[in-house]
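# A look at the structure
Here are the chains, one letter per residue:
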Amino acid sequence: MKLIESHTIGEPTRIIISGGPDLGTGPLSERARLLREQHDRIRRAICLEPRGHDAVVGGLLCEPHEPGCDFGIIFFNNATTLGMCIHGTIGLMVTLAHLGRVRPGDKCRIDTPVGVVDASLHIDGKVSVTNVPCYRLKAGVTVELPGWGKIRGDVAWGGNWFFLIDGQGPEISENNIPALCDFSSKVCEALKQAGVTGDDGSEVDHVELFAKPTTPTHSDSRNFVLCSGGAYDRSPCGTGFSAKLACLAADDKLAPGAVWRQASILDQVFEGTYEILKDGKILPHITGQAWVNGETNLIFHADDPFQFGLQGL
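Residues numbered from 1 in each chain as written. Predicted model: local features only at pLDDT ≥ 70, side-chain atom pairs only at ≥ 80, totals over all residues. Heavy atoms only, no water.

If you look at the biggest cluster of nonpolar residues, it comprises 65 residues, and the most contacted ones within it are Met 93 and Phe 224. Top contributing element to this core by residue count: helix 4 (residues 177–194), with eight residues. Leave out the neighbours within four places in its chain, and Phe 224 touches Ile 172, Leu 180, Cys 181, Ser 184, Val 207, Glu 208, Leu 209, Tyr 232 and Ile 265. (Core = buried A, V, L, I, M, F, W, Y, C linked by side-chain atoms within 4.5 Å. Buried < 20%, exposed > 50% of the residue type's maximum accessible area, 1.4 Å probe, protein only. Helix = DSSP H or I, 4+ residues; strand = E, 2+ residues; numbered from the N terminus. Contact = heavy atoms within 4.5 Å.)

Turning to the packing of aromatic side chains, a few remarks are in order. Geometry of an aromatic ring pair is reported as the spacing of the ring centres plus the angle between the planes. Overall, the coordinates contain five aromatic pairs when judged by the stated rule. Considering the side-chain rings of Tyr 135 and Trp 161, the 5.9 Å spacing of their centres and the 90° angle between planes classify their relative orientation as edge-to-face. Remark: Trp 161 occurs in strand 10 (residues 161–166) and Tyr 135 occurs in strand 8 (residues 135–145); sequence separation between them is 26 residues. One aromatic cluster in this structure is built from Tyr 135, Trp 157 and Trp 161. One residue, Arg 51, lies across the ring of Phe 300, its end atom 4.7 Å from the ring centre. The ring of Phe 210 carries Lys 244 above its face, with NZ or CZ at 4.1 Å from the centroid. (Phe/Tyr/Trp six-rings, centres within 6.5 Å; stacked < 30°, edge-to-face > 60°. Lys NZ or Arg CZ within 6 Å of the ring centre and 35° of its normal.)

Turning next to the pairing of strand 14 (residues 269–276). Looking along a regular strand, one sees side chains alternate from face to face of the sheet. With four bridges joining them, strand 13 (residues 260–263) and strand 14 adopt antiparallel strand pairing. What sits directly across from Gln 262, in strand 14, is Phe 270. As consecutive antiparallel partners, strand 13 and strand 14 are separated by five residues, and within that stretch Asp 267 has a phi angle of approximately 65°, a positive value. Bridge count between strand 14 and strand 15 (residues 282–297): six bridges; the pairing is antiparallel. Bridge pairing in strand 15 places Gly 272 opposite Ile 286. Between strand 14 and strand 15, which follow one another and run antiparallel, lie five residues, and Gly 280 among them has a positive phi close to 95°. (Pairing = 2+ DSSP bridges.)

Spelled out as structure tokens, the structure:
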């Protein structure tokens, strides 16, 4: 199995370009289910130790199902498959450029389990992604957190389900990551206990904290994102950024077409804008940068007890 590795301003991505499982030719949502239920050892082999670690996001490059699409992709992390991943899509585009399948100036239609996205590779190496339609589902939801009291946030869809908290919790700083992870994981548990869900009872499995930027000329806010599986995002998190744009739009705090600069826990920046759709949802446009940093051939030994990853650590 061959992988191309990249990172999107610090957040790693591993794309399977050959040797992956045959999932058929059905819709990407159905193929993602098959990957979860019948080939989960592939996810474990790529994202878990001893080859991987908690922050790794993998992707299976495949043929699209939706008409007019150029590529299909199914993303997954240390816990499960993902609906959408914008940092991973940025990594996918530079991976395709590395392989000679995309050139600067090209615009691609990419099929994912939650819908079709557009991605453009710019001359300067940056990538712009137009996400699936996003929206805020619930505003001002409160949960009780021991030691913190009432925590208030919004539930929004950005390609994954997020609980967005502004101005509460530990200080957003690189030196405070353990406390941020602990707080965010407790928020996730509190959401479950309170029965707070996305549409159709979907689990809200990402928590996003916001604070003022370290330097206002550098960004408009700084975030910390805890993903499903308990790993924190080193990038500003494109799907989380999309959810943030949906909340800004709902509160009339950012006009359509205006640029928002979202900094990560590492103080690296994605830029984003949005347009309003007829149904009131928004269409986010996120721009960031990634770099290819490796080519890997995975080797599986039949007598290796951890060929498909360590579990339970």
